[in-house]
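Here is what each chain is made of, one letter per residue.
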Amino acid sequence: MKYIANGHTGVYDGKAHGINVLVLVPIDGATITYGKSEGTYDLDKAPEYTDVGTYKVYFKISAQN
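Summarised in this report is the structure supplied together with it. (Residues numbered from 1 in each chain as written. Predicted model: local features only at pLDDT ≥ 70, side-chain atom pairs only at ≥ 80, totals over all residues. Heavy atoms only, no water.)

### Some points on the packing of aromatic side chains
Phase 1 of the analysis: For the coordinates displayed, the defined rule picks out two aromatic pairs.
Phase 2 of the analysis: Aromatic side chains Tyr3 and Phe59 sit 5.4 Å apart centroid to centroid with 85° between the ring planes, which places their arrangement in the edge-to-face category. A residue pair is termed long-range when its members are at least 10 positions apart, and Tyr3 in strand E1 (residues 2–6) and Phe59 in strand E6 (residues 58–62) qualify at 56 residues.
Phase 3 of the analysis: Exposure remark for Tyr3: the relative accessible area of 44% places this residue in the partly exposed category.
Phase 4 of the analysis: With a relative accessible area of 22%, Phe59 lands in the partly exposed category.
Phase 5 of the analysis: On the basis of an interplanar angle of 10° and a centroid distance of 3.9 Å, the ring pair of Tyr49 and Tyr55 is categorised as stacked.
Phase 6 of the analysis: Judged by relative accessible area, which is 37%, Tyr55 ranks as partly exposed. (Phe/Tyr/Trp six-rings, centres within 6.5 Å; stacked < 30°, edge-to-face > 60°. Helix = DSSP H or I, 4+ residues; strand = E, 2+ residues; numbered from the N terminus. Buried < 20%, exposed > 50% of the residue type's maximum accessible area, 1.4 Å probe, protein only.)

Any functional reading would require information beyond the geometric quantities listed.
Put into structure tokens, the structure is as follows:
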């Protein structure tokens, strides 16, 4: 499995920001779930944050085979 995961780094702008995960291999059939704590992947989309700070977002990629 190959993927790219990028978080946001920048000057505070008051807007919501989160992580962007792109699955490269497999091209089709991969499912990404997210969580705010390690081992808990109960979110269908990445959480977004508006306050200044450092946040950890956990993700799991699932695919057949």
